[in-house]
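Close look at the chain arrangement
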Amino acid sequence: MTYIAKPKVNLPGQPRNALGLLQRDYEGSLSTLCAGCGHDSITAALVQALWEMSIAPEKLVKLSGIGCSSKTPAYFVQGAHGFNSVHGRMPSVATGAHAGNRELICIGVSGDGDSLSIGFGQFGHAIRRNLNMLYLIENNGVYGLTKGQFSASADPGSKPKKGEPNQMQSINPVATAIAMGASFVARSFSGDREQLVALIKAGISHPGCALLDVISPCVTFNDHEGSTKSYAYTRQHMHEAASADFVPPATAITAEYKEGEAITVKMHDGSSIVLTKADPEYDPTHRSAAVRYLEKHRDKGQIPTGLLFIDEDWPDMHGIAGTAKKPLKEFTFDELSPGAAALEKLQRDMR
Amino acid sequence: MPATQSRVNDFVLKIGTVNGTGSASANGMLMKALFRMGIPVSGKNLFPSNIQGLPTWYEIRANHGGYMSRAARVDVMVAMNAQTYQKDLAEVSPGGFLVYDSTWPRERALKRDDITILGVPLSKLCNENFSVARLRILMKNIAYVGAVAALLDLDLEVIRTLLEETFGNKPKLIEDNLKAIMLGYDYARANFTCPLPVRAEKMNTSGGHILIDGNTAIGLGCVYAGATVGAWYPITPSTSVMDNFKTFCDMYRTDPETGEKRYCIVQAEDELAAAGMVLGANWVGARAFTPTSGPGISLMSEFIGFAYYAEIPSVFIDIQRVGPSTGMPTRTQQCDLMLAAYASHGDTRHPILLPANPHECFEMAVKVFDLADRLQSPVFLLSDLDIGMNDWRVPELKWDESYRPDRGKVLGPAELDKIEKFKRYTDFDGDGIPFRTLPGEDPRGAYFVRGSGHNSAGGYTEDSIEYQNVMDRLLIKWETAKKLVPHAILTQADRPTHLGVIAFGSSDGAVMEARERLAKQGVHLDYLRLRAFPFGEEVDQFLRDHDTVFVVEQNRDAQMRSLLMLETDHGSNRLISILNYNGMPIPSECVVEGISHHMAAEAAA
């Protein structure tokens, strides 16, 4: 980490977004993670994506559990409320927050330890409820803060810095999420800013639980020869299945796509996601095709990235529950409490 | 013939049946009939942790003096379950009566000379008069209502009205039920001297009263408090809190035109998640709660400690059942007191409200949200299975239209305009409570909620002094809580006394009755009923004013006595425990015997 804070100087001519805010306005406090940590690149991608989308800072909430990944919500969008909860329990806090105020944009930042071990249950149930949030897993295959134990996402055969290689199966959050019925599943790499920014934007626009698994190497404990979550290994083995371009609401799609390669998914807020398939055989709108594709590439030792599955029509938690459109916290007391006459009437049946 | 005392409006009727045979509605009808006859009545459902097939009992106590606790006697037993016949027979008090289904003979060995045994061929009567097999089984239970009505002189018109109300637009059901009742009624009248010396007689005490269980009252209270988010994981005996919250939300919170719901109930994946949801919703400014029981509180402890330290309003409703571990899920105890008071690792302390009956459950279900918002803290509402799942006769619930929720110290954009910089964990006015802001409103109010060490501005810290400042302020807040929680209620003895008794929650009825009985024996007791933790000044005063204080509670380890010793300066030698922890609601006999025994031992010493 560095202890030298960047000076807050607003240079004239810096670009401003639709809210008149600078990209600097979307930054947070200084990162305390190791220099070169993949997580810091993800933070930078979040800053860029949120600024470009012109999201009002106060409309955003940032939630996390425990671990290196879970420290990062402090490092972006200072003007947003943050909630660094307990280990593996970020999804439940996000569920409550979204239940109480459905207009908030929820970003949950978790890690492989936080979501695939202690929090595996809550991870699954956020997906099951299709909670409207961006669920980021900063995936490095190890526990950093406790100095390098394997996590549940460590691949069989992956070598630690010291000791024996991992011999257990890895829990793959992407495949698990698709199998559990997730409505949006993507994978990216902290070293691929362009892809990551596009997927963050698509995930935020998605009206349900958007799972974004990001391979994010741990430079201190898992970036060596023999690790399957290192920068070098990930670059060599990643394979983009479909790139996603995010097109904001009321914007014309200007890029040209080759016939048969692109699929345009219209989102409910008026934006679009244009998927460009690197692989002609791949169809991210079909769940079974997505699972087959993932398994095929796992056999080849490849790491498919990009938007891997999307179903933008599945109703979210409030859609399923039939909750009022107005955030529940906005209802006045008179709109909620039935009053004395109702209580009197109700008790007639209790006599 | 055994000598039978005349017991008019002073008896216990106990019914032993098989779980899942529809006896609950029959028993409810008997209880409500007594209530409508104007007689003070209480009912205790003693049921197994089972859906169908195991023995279950229902105890109804009618008492003209208004004593509502469990009485350790049985004047009339209706023994419908062959499997428990021997036990049920043994339990009848001398001079009492036992009614059984005489369709099949009972073993000759099973008899008693000191009670009267009345056989009614209920199955035979129903088999002869109903053709549908399923009806025969259900109506057998309704038929004993008829027999009991004749024996105890219950008002048939009241029972007919109850049936009409229950089955409203199903005239065939009313007809069948009435027929079954008359089968039992007519048989009893024809074969026995009716009514028995143990019987009911119309009174006029039910005006201004209702029959309600505590979980219904809490569910209703949460609606009246303006709670919009309920998160829970099903667990006996708290499940009906959320069932009732949903029922009342459907009634009062669903837009008649659009069908939109002004509430959100989330059935969580476990209690850990339910607690997290409560924190998340309260954090954004919605009133949220979770109902659970002891095992759930164990699981929620992680988040309870978080809410204590990060100062997030949160409401935890614990309907206590018998512990430890899974314990006896359908039996009652007051065993989560210590757990609730100090839940979670590190230095933590939480306010607790202690309702004594469903009427207080309703009031405190509103109060608990105000306290949580005001104190920015987890606050417990600690009820138990006896209060929660049994129907209690209580004064009607009242609602004050001028009530407005106390949302505590919340800064919105207008208030933020007036201050230079928002500091989340700074106390400005000496009550130990800081100001909070809500997400979604203003970037100037943004802060980072964390369970890790933080300073008075909310920033991360590992600095000893900054850490300690926050922890010490939380102690000041604890002192404020003592002034805000409901105070204990003092009932003085008829004459000055150095003896006191302390109790709380569902032990109240037993203590009230025991005091009157003990006074007749010359033992006079001042009574302090605790309604909350932390203890206010009045508790300290009571302990100072009495040489000996009996502490009545329903757990093995005297948890309230321990709390009193921990949180006040009063020593153990003056606090005498009276304990009942067998899973049955505490009877007044337990208190009378416990205190008498101590007094006798003292006198002998």
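Model, not experiment: these values are computed from the prediction. (Residues numbered from 1 in each chain as written. Chains lettered and ligands numbered in written order. Predicted model: local features only at pLDDT ≥ 70, side-chain atom pairs only at ≥ 80, totals over all residues.)

1. Brief notes about the overall build of chain A
The number of helices and strands found in chain A is 12 helices and 12 strands. The globule rule puts the C-alpha radius of gyration for 351 residues at 20 Å, and the 21 Å found for chain A is close to it. With respect to the three principal axes, the spread of C-alpha positions in chain A is 75 × 55 × 50 Å. Of the contacts formed within chain A by residues at least 6 apart in sequence, a portion of 71% connects residues at least 24 apart. (Helix = DSSP H or I, 4+ residues; strand = E, 2+ residues; numbered from the N terminus. Rg over C-alpha atoms; globule rule 2.2 N^0.38 Å. Contact = placed C-beta atoms within 7 Å.)

2. Brief notes about the sheet that holds strand E10 (residues 229-232) of chain B
Residue and element names in this part refer to chain B. The seven strands are arranged E11-E10-E12-E13-E15-E14-E23 in an open sheet whose pairing can be described as mixed. Each edge of the open sheet is held by one strand with a lone partner, namely strand E11 (264-267) and strand E23 (532-533). Across the sheet, helix H8 (residues 239-252) touches E10, E11, strand E12 (288-292) and strand E13 (314-320), and the angle it forms with E10 is around 150°. On top of the sheet, helix H12 (residues 358-375) reaches E13, strand E14 (352-353) and strand E15 (378-384); it is set at about 165° to E15, its chief contact. (Pairing = 2+ DSSP bridges. Axes fitted to C-alpha atoms, helices over the stretch in contact; angles between N-to-C directions.)

3. A short note on the pairing of E13 of chain B
Residues and elements named next belong to chain B. Here E13 lies mainly inside the structure; seven of its seven residues are buried. Alternating residues of E13 divide into Ser314, Phe316, Asp318 and Gln320 and Val315, Ile317 and Ile319, and every residue in both groups is buried. One ladder, built from four bridges, connects E12 with E13; its direction is parallel. Paired with Thr290 across the strands is Phe316, a residue of E13. This β-α-β element, E12 to helix H10 (residues 294-310) to E13, shows right-handed connectivity. The pairing of E13 with E15 spans seven bridges and is parallel. Within E15, the position partnered with Ile319 by the bridge is Ser383. (Buried ≥ 20, exposed ≤ 12 C-beta atoms within 10 Å, placed from the backbone. Right-handed = clockwise from strand over helix to strand, strands pointing away.)

4. Describing the packing of helix H3 (residues 90-100) of chain A against helix H9 (residues 271-283) of chain B
H9 of chain B packs onto H3 of chain A with a crossing angle of 40° between their chain directions and a minimal axis gap of 6 Å. Taken as axis vectors, H3 of chain A and H9 of chain B run oblique relative to one another. The interaxial crossing formed by H3 of chain A with H9 of chain B has right-handed handedness. For the pair formed by H3 of chain A and H9 of chain B, the contact residues are Ser92, Val93, Ala94, Thr95, Gly96, Ala97, Ala99 and Gly100 of chain A on the first element and Ala273, Gly276, Met277, Val278, Leu279, Gly280, Ala281 and Trp283 of chain B on the second. Of the residues contributing to the contact of H3 of chain A with H9 of chain B, the split by class is 10 nonpolar, six polar and no charged. (Parallel < 35°, antiparallel > 145°, perpendicular 65-115°, else oblique. Left-handed = near helix turned anticlockwise from the far one by under 90°. Nonpolar A, V, L, I, M, F, W, Y, C, P; charged D, E, K, R; others polar.)

5. Describing the nonpolar core
Core analysis: the biggest nonpolar cluster contains 264 residues, and Leu34, Ala143, Ala147, Val148 and Ala365 of chain B have the highest contact counts within it. Examining the composition of this core, we find that 12 residues originate from one element, helix H4 (residues 133-152) of chain B, more than from any other. Contact partners of Ala143 of chain B, with chain neighbours within four places excluded, come to Leu122, Leu125, Cys126, Ala180, Ile181, Leu183 and Gly184 of chain B. Within the second largest apolar cluster, six residues are counted, among which are Val142, Tyr143, Cys218 and Phe221 of chain A. (Core = buried A, V, L, I, M, F, W, Y, C linked by C-beta atoms within 7 Å.)

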